[in-house]
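# Working through the structure, step by step
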Amino acid sequence: MTQHSPASPTNWDAPAPEPAPRPKPNAAGLSRRELSALVQALGEPAFRTRQLFEGLYRHRYEGWDRFTALSKPLRAALAERAALAWPVITEALASEDGATKHAFRLDDGQQVEGVFMPYAHRTTLCLSSQVGCAMGCTFCATGLMGIVRNLTAAEIVGQVVAMLNHHRVPPETRVNLVFMGMGEPLHNLDHVMEAFRILTDPEGLALSPRRITVSTSGLVPGIQKLATFAKRPRLALSLNGTTDAYRSRIMPVNRVWNLQALAEALEAFPLEKGERITLEYVLLQGVTDSLEDGRRLAAFARRFPSKVNLIPFNPHEGSGFVAPSEARVSELCDLLAARKVTVSVRRSRGQDVAGACGQLVREGGRHKKKEAAAEPVRRGLP
Ligand code: SF4
């Protein structure tokens, strides 16, 4: 498989590689259309598609033997034609703050990661959309890997079902999904949207479209394409810098679509009533936390309906960066609020197991936790 250098600003010009087709299909994660083809191939009536869809996504069955509404011969015929295998969780690292980082092994042996975050009245899952990433953000461990391949829609849905089953989450639980794991979701938009349709189908997992968010590094053509879907996930932007000079250094995508191009794309993005674009902004002491940064951030945020998440850097060994002072975080909040910008302060969860944004990386099955998380930061920031 081709591995692109994350340093090249043309990595995202071309579609990311796709996985090789499996000799035997896997029903776990298939869409209605694909399940319908399976049902037709078996010469079964059309209503079987609905039974299969409900079994997979409402009941989250993990084997054909669980489909007791189907006859034994039909279950045997299904097993002959298709596997039923959700992504295998090979590692589950629990953080002190309650988050659990999971490693998933995919059919071709590649690995991706996802994070499970339980809260009092909801559960949030952080998902991967690609193996590796082409965007090459210098602070990100995944960016170091370069792009390996897209995840299929089935592999994206599979992460959700595997985590919900692993943690025995009851079906009535409110579930939020964020595409903030490995990969740039807008670089794999077709599969992300196919997964979105499966995840929000009322006869399956029935997740609310409003509770699914894709976070982009600023891939403008992807933002424009997402804008064309009538039903789509919410949009977040990983902003992290308020000048082109700085942002281009840490996020190479900014060299192609700078802050002005990005703001124009976001201004043109059609929003529902009450919907806002989330701007994620990591605060590094002496690097991104000046009051001048705050003023520029406010000016950017006011160009379209938005809310700002300030994320104070959580220092780790070897990063070379310092967390902003609490006083400065509070000053910036006041500054933004005074300019009528909705702002909140978000603390990353899962830091002690390298499950926070920019810390997800797997290579050859080995977890590169500290080294991988530390190196790009040293490389990319002053
Ligand atoms: S921060 Fe996101 S877009 Fe940037 S390299 Fe990492 S995974 Fe890719």
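Now for helix H6 (residues 189–200). Helix length check: H6 (12 residues) gives 16 Å between terminal C-alpha atoms against 16 Å at 1.5 Å per residue, within 8%. When H6 is considered as a whole, its buried residues turn out to be Leu189, His191, Val192, Glu194, Ala195, Phe196, Ile198 and Leu199. The inward-facing, buried residues of H6 abut helix H2 (47–58), strand E6 (147–150), helix H5 (153–166), strand E7 (175–179), strand E8 (212–216) and helix H7 (220–226).

The next subject is the sheet that holds strand E12 (residues 342–345). Strand order in the open sheet formed by 10 strands is E1-E2-E3-E4-E7-E8-E9-E10-E11-E12, and the pairing between neighbours is mixed. Each edge of the open sheet is held by one strand with a lone partner, namely strand E1 (88–94) and E12. Averaged over all adjacent pairs, the angle separating strand axes in this sheet is 20 degrees, with direction ignored. The pairing of strand E10 (residues 277–283) with strand E11 (residues 306–312) spans 7 bridges and is classified as parallel. Within the sheet, the bridge partner assigned to Leu283 lies in E11 and is Pro312.

Turning to the confidence of the model for the protein, a few remarks are in order. Across the protein, the average pLDDT comes to 87, with 87% of residues at 70 or higher. Across residues 1–9 the pLDDT falls below 50, and counting only partners more than four positions away or on other chains, this stretch makes 20 contacts in the model. Note that residues 361–382 has pLDDT below 50 and, in this model, 51 contacts with residues that lie over four places away or in other chains.

Ranked by internal contacts, the top residues of the largest apolar core, which has 97 residues, are Val157, Val160, Leu199, Tyr281 and Val308. Two domains each donate at least three residues to this core, and these are domain 1 (32–81) and domain 2 (88–380). Among all residues touching Leu199, those that are not within four sequence positions of it are Val157, Val160, Leu205, Leu207 and Ile212.

Here we come to unusual backbone geometry. The backbone phi angle of Arg168 is positive, close to 50 degrees, even though this residue is not glycine. One can find Arg168 in the loop between H5 and E7. Residue Ala206 is not a glycine yet carries a positive backbone phi of 55 degrees. Assignment of secondary structure puts Ala206 in the loop between H6 and E8.

Residues that lie three or four places apart on an α-helix share one face, since the helix turns once every 3.6 residues. Counted at 1.5 Å a residue, the expected span for H2 with its 12 residues is 16 Å, and the 16 Å between its end C-alpha atoms agrees. Taken together, the buried positions of H2 are Arg48, Leu52, Gly55, Leu56 and Tyr57. Buried residues in H2 make contact with helix H1 (32–41) and H6. Positive phi appears at Arg60, one or two residues downstream of H2, with a value of about 55 degrees.

Let's shift gears to the packing of H5 against H6. Where H5 meets H6, the closest approach of the two axes is 8 Å, and the angle between their N-to-C directions is 45 degrees. It follows from the interaxial angle that H5 and H6 lie oblique. The handedness of the crossing between H5 and H6 comes out as right-handed. Side by side, H5 and H6 meet where Ala153, Ile156, Val157 and Val160 of the first sit next to His191, Val192, Glu194, Ala195, Ile198 and Leu199 of the second. Among the residues forming the contact of H5 with H6, the class breakdown is 8 nonpolar, 1 polar and 1 charged.

Moving on to the packing of H1 against H2. The geometry of H1 relative to H2 is characterised by a closest axis approach of 9 Å and an angle of 125 degrees between their N-to-C directions. Judged by the angle between their axes, H1 and H2 are oblique. Note on packing geometry: the crossing formed by H1 with H2 is right-handed. In this structure, H1 uses Arg32, Leu35, Ser36 and Val39 to contact H2, whose residues at the interface are Arg48, Thr49, Leu52 and Phe53. By residue class, the composition of the contact of H1 with H2 is 4 nonpolar, 2 polar and 2 charged.

Rules of the game
- Residues numbered from 1 in each chain as written.
- Predicted model: local features only at pLDDT ≥ 70, side-chain atom pairs only at ≥ 80, totals over all residues.
- Helix = DSSP H or I, 4+ residues; strand = E, 2+ residues; numbered from the N terminus.
- Expected span 1.5 Å × (residues − 1).
- Buried ≥ 20, exposed ≤ 12 C-beta atoms within 10 Å, placed from the backbone.
- Contact = placed C-beta atoms within 7 Å.
- Pairing = 2+ DSSP bridges.
- Axes fitted to C-alpha atoms, helices over the stretch in contact; angles between N-to-C directions.
- pLDDT = per-residue confidence, 0-100.
- Core = buried A, V, L, I, M, F, W, Y, C linked by C-beta atoms within 7 Å.
- Domains from an automatic or database assignment.
- Parallel < 35°, antiparallel > 145°, perpendicular 65-115°, else oblique.
- Left-handed = near helix turned anticlockwise from the far one by under 90°.
- Nonpolar A, V, L, I, M, F, W, Y, C, P; charged D, E, K, R; others polar.

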